[in-house]
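Examining the three-dimensional arrangement
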Amino acid sequence: VRIDPRHYNAWYGIGQIYFKQEKHELALCHFRKAQSINSSNAAMPAHIAVVLNAMKRHKEALKVLTAALEQHPEHPLCKFHRASTLLCLERCDSALEELDQLEAITPTESLIYFLKAKIHRKM
């Protein structure tokens, strides 16, 4: 970051380290900086949303993911985390709908079925 402050991967990597250390505010700051450098990266909003969910800011995470899916409607990572966020907000029917759409895109992804089972258990 000192050598090249516009290096997207450096900001993202530091954000990942802070997230693993549960320093969520710092992780969020670094992920947002990475997103500002590389705004075309469709996966970055998913990472931001994961941090927001860890901070119990589920509604804000949902807004981030919804905006990302408007630009990239079939991005699997954003769809998965949107379903997970909807589950956190106890909007089970909407989460299942999202997972059904995701299943059509990536039918072999096992996490889809795991999250579906979790939702059905909760219902």
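Just above sits the structure.
A short tour of the structure in this document, coming up. Since this is a predicted model, take the numbers as computed values, not measurements. (Residues numbered from 1 in each chain as written. Predicted model: local features only at pLDDT ≥ 70, side-chain atom pairs only at ≥ 80, totals over all residues. Heavy atoms only, no water.)

What follows covers the packing of aromatic side chains. Any aromatic ring pair is given by two values, namely how distant the centres are and how the planes are angled relative to each other. Counted according to the given criterion, the structure contains two aromatic pairs. Taken together, a centroid distance of 6.2 Å and an interplanar angle of 15 degrees make the contact between Y8 and Y12 stacked. Of this pair, Y8 and Y12 are both found in helix α1 (residues 8–20), four residues apart, which corresponds to roughly one turn of the helix. Take Y8: its relative accessible area is 15%, and that puts it in the buried class. An aromatic cluster of three or more residues is present, and its members are Y8, Y12 and F31. The side chain of K33 reaches across the aromatic face of W11, ending 5.7 Å from its centre. (Phe/Tyr/Trp six-rings, centres within 6.5 Å; stacked < 30°, edge-to-face > 60°. Helix = DSSP H or I, 4+ residues; strand = E, 2+ residues; numbered from the N terminus. Buried < 20%, exposed > 50% of the residue type's maximum accessible area, 1.4 Å probe, protein only. Lys NZ or Arg CZ within 6 Å of the ring centre and 35° of its normal.)

The next point concerns unusual backbone geometry. For E22, which is not glycine, the phi dihedral falls at a positive 60 degrees. Looking at the element boundaries, E22 is found in the loop between α1 and α2 (24–37). Its relative accessible area of 61% is what places E22 among the exposed residues.

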